[in-house]
Amino acid sequence: MPSQGPTQDRFEKREVIAMHPSESGMQVGRALLHALHNAGISVLYQDRQMETVWARNMNAPWAADTADGKDLLSPAQAERIRAAKLKVIESGNPDQLELSIPGHQGVRWFQLWIDADQGEAGDVLGVVTTMVETTEQKRREQTLKTLLREVSHRSKNLLAIIQSVATQTGRYTETLGEFLARFRGRLQSLASSQDLVTSSNWRGAALHELVSGQVGRYSSDLAQSLRFAGENPYLNPNAALHIGLAMHELAVNSVSYGALSRPDGHVEVRAKLEAEDGTSPNLLLTWTEAVGDAQRNEKRFGSVALERVVPMSLNGSATLEIGRDRMEYRLTVPHGNFETD
């Protein structure tokens, strides 16, 4: 007789273990009951007359005294389940249903598998119904769909902003090199603001953090160059992107011609909440800095963005005043663009 190899030995050991006397039907049954309980699975067996023979782990809403959930389901749902079971008994083919059941804590979802119990001759002896709750899975799916719709909406808004920035930048530049330099800077500004919005799960950004981020891109010593005072409301995503763009234009202008072009220069940003006639307060955002003779007054995209693009996008208003030695930008942001709590 040829010698038995290691593979055959392992197979025989597995076979012996599978047939170990300690693995009785009672132990297997208890193990399966534990598995059903831990997995939250309910199982119901009914005969051909739809009478309950046995049920296991029948938790709410599939309590033993309401095995078909008749006291919890609508008449239409109960009839749907009954019709599916009768069809399985008649044909012997399995069926599957999905149900939503209203409850005190919201709608609960269940997946039902209906299988025929067939004898050796192929005749149907009864029907086995397996119920599994899928509420959490459904909620995750619904949350994911909501997030995907929100991402799509935000992406379209961002693309519209980029298109507007590109169009306005092109109007106020004469050479391709000048266009690319300015457009890259504005894209980087939007990206910086977008990072704050994304890190907050699309809630928005705090004003102080947004202003510091935009000015800090053009300063090696933010504590010296920026003096922020006043309120720190939480801006919604649209407001964060547009106010971030305004801060970028002001910072670039200041580095080129204003206070930040000098080693000891600084800008002041104040945020104040102002209410009118008992209504929700608006945000008054003010940028102030000292300027010199190098400050230019002709219209550029920067001033167009500050006076038109940004306030129009926020349904607000703005003024830009450039004097002999001082520049002030005032932006009024309606309350719908931010939160104060």
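So, here's what we can say about the structure. If you're wondering where the values come from, they're calculated on a predicted model, not measured in any experiment.

So, the overall build of the chain
Piece 1. Within the chain one finds nine helices and 13 strands.
Piece 2. Every one of the 341 residues in the chain was classed for burial, and the buried ones make up 36%.
Piece 3. Expressed as a percentage of contacts within the chain between residues at least 6 apart in sequence, the contacts between residues at least 24 apart total 57%.
Piece 4. A total accessible area of about 20,100 Å² is found for the chain, and carbon and sulfur atoms account for 52% of it.

A short note on empty space enclosed by the protein
Piece 1. By the definition in use, this model includes one cavity of 30 Å³ or more.
Piece 2. Computed from the structure, the largest cavity encloses a volume of approximately 70 Å³.
Piece 3. The wall of the largest cavity is formed by Arg154, Asn157, Leu158, Gln194, Val197, Trp202, Pro237, Asn238 and Leu241.
Piece 4. Breaking the lining of the largest cavity down by element, the ones donating at least two residues are helix H4 (135–171), helix H5 (176–199) and helix H8 (237–257).
Piece 5. The class makeup of the residues in the lining of the largest cavity is five nonpolar, three polar and one charged.

Describing the packing of helix H6 (residues 207–216) against H8
For any two helices packed against each other, the geometry comes down to the angle between their axes and how far apart the axes lie.
Piece 1. Where H6 meets H8, the closest approach of the two axes is 9 Å, and the angle between their N-to-C directions is 35°. You can see that H6 and H8 cross each other, and the crossing is right-handed. Here H6 contributes Leu207, Leu210, Val211, Gln214 and Val215 to the contact with H8, which in turn contributes Ala240, Ile243, Gly244, Met247, His248 and Ala251.
Piece 2. Across the contact of H6 with H8, the residue classes break down as eight nonpolar, three polar and no charged.

A word on the sheet that holds strand E12 (residues 326–333)
Piece 1. Pairing is mixed in the open sheet, where five strands are placed in the order E7-E9-E10-E12-E11. Two strands bound the open sheet, and with one partner strand each, they are strand E7 (226–230) and strand E11 (317–322). Looking at each pair of strands side by side, their axes are set apart by 10° on average, direction ignored.
Piece 2. Here strand E10 (residues 282–290) runs beside E12; their pairing, made up of eight bridges, is antiparallel. Of the residues in E12, the one forming a bridge with Thr288 is Glu328.

Focus: the sheet that holds strand E8 (residues 234–235)
Piece 1. Taken together, the three strands give an open sheet; going across it, the order is E6-E8-E13, and neighbouring strands pair in antiparallel fashion. In this open sheet, the two strands that pair with only one neighbour each are strand E6 (205–206) and strand E13 (338–339).

Section: the packing of H4 against H5
Piece 1. Between H4 and H5, the shortest axis-to-axis distance is 10 Å and the interhelical angle comes to 155°. Judged by the angle between their axes, H4 and H5 are roughly antiparallel. The two elements H4 and H5 cross, and the hand of that crossing is right-handed. Contacts between H4 and H5 pair Leu158, Ile161, Ile162, Val165, Ala166, Thr169 and Gly170 from the former with Phe179, Arg182, Phe183, Arg186, Leu187, Leu190 and Gln194 from the latter.
Piece 2. A breakdown of the residues in the contact of H4 with H5 according to their chemical character gives nine nonpolar, three polar and two charged.

Side note on the pairing of strand E3 (residues 95–103)
Piece 1. Note: E3 against strand E4 (residues 106–118), nine bridges, orientation antiparallel. Looking across to E4, one finds that Pro102 is bridged to Val107.

Description of the side chain of Thr134
Piece 1. Relative to the helices and strands, Thr134 is located in the loop between strand E5 (124–133) and H4.
Piece 2. What Thr134 contacts, discounting residues up to four positions off in sequence, is Trp109, Phe110 and Gln111.

Observations concerning the packing of aromatic side chains
Piece 1. In total, this model carries two aromatic pairs according to the counting rule given.
Piece 2. Both rings, one in Phe179 and one in Phe183, keep their centres 5.4 Å apart while their planes meet at 10°; by these two values the pair is stacked. Residue Phe179 and its partner Phe183 are both found in helix H5; the two are separated by four residues, about one turn of the helix. Residues Phe179 and Phe183 agree in their burial class; the two are buried.
Piece 3. Geometry around Trp109 places Lys138 over its ring, the cationic atom sitting 4.7 Å from the centre.
Piece 4. Sitting over the face of the ring of Tyr234, Arg203 holds its NZ or CZ atom 3.9 Å from the ring centroid.

Section: the pairing of E11
Piece 1. Across six bridges, E11 lies against E12 in antiparallel orientation. Residue pairing in the sheet places Thr319 in a bridge with Arg330 of E12.

Details of the pattern of salt bridges
Piece 1. Considering all chains together, one arrives at eight salt bridges under this definition.
Piece 2. For Glu133, the salt bridge goes to Arg108, with nearest N and O atoms at 2.7 Å. Taken as a pair, Glu133 in strand E5 and Arg108 in strand E4 lie far apart in primary sequence, 25 residues in all.
Piece 3. Between Lys272 and Glu274 there is a salt bridge whose closest N-O contact spans 3.7 Å.
Piece 4. Its relative accessible area of 49% is what places Lys272 among the partly exposed residues.

Points about the environment of Phe338
Piece 1. Topologically, Phe338 is positioned in strand E13.
Piece 2. Remark: the alpha-carbon pair of Phe338 and Pro233, spanning 105 residues in sequence, is separated by 6.2 Å.
Piece 3. If we ignore the near neighbours within four places in the chain, the residues touching Phe338 are Pro233, Tyr234, Leu235, Asn236, Leu273, Pro281, Asn282, Leu283 and Val333.

What counts and how
Residues numbered from 1 in each chain as written. Predicted model: local features only at pLDDT ≥ 70, side-chain atom pairs only at ≥ 80, totals over all residues. Heavy atoms only, no water. Helix = DSSP H or I, 4+ residues; strand = E, 2+ residues; numbered from the N terminus. Buried < 20%, exposed > 50% of the residue type's maximum accessible area, 1.4 Å probe, protein only. Contact = heavy atoms within 4.5 Å. Areas by Shrake-Rupley, 256 points an atom, 1.4 Å probe, with all protein chains shown as cover. 1 Å grid on protein atoms, 1.4 Å probe; cavity = no way out; pocket = protein on both sides within 12 Å on 5 of 7 lines; lining within 4 Å. Points joined across faces, edges and corners; volume = space filled by probe spheres on them. Nonpolar A, V, L, I, M, F, W, Y, C, P; charged D, E, K, R; others polar. Axes fitted to C-alpha atoms, helices over the stretch in contact; angles between N-to-C directions. Left-handed = near helix turned anticlockwise from the far one by under 90°. Pairing = 2+ DSSP bridges. Parallel < 35°, antiparallel > 145°, perpendicular 65-115°, else oblique. Phe/Tyr/Trp six-rings, centres within 6.5 Å; stacked < 30°, edge-to-face > 60°. Lys NZ or Arg CZ within 6 Å of the ring centre and 35° of its normal. Salt bridge = Lys/Arg side-chain N within 4 Å of Asp/Glu carboxyl O.

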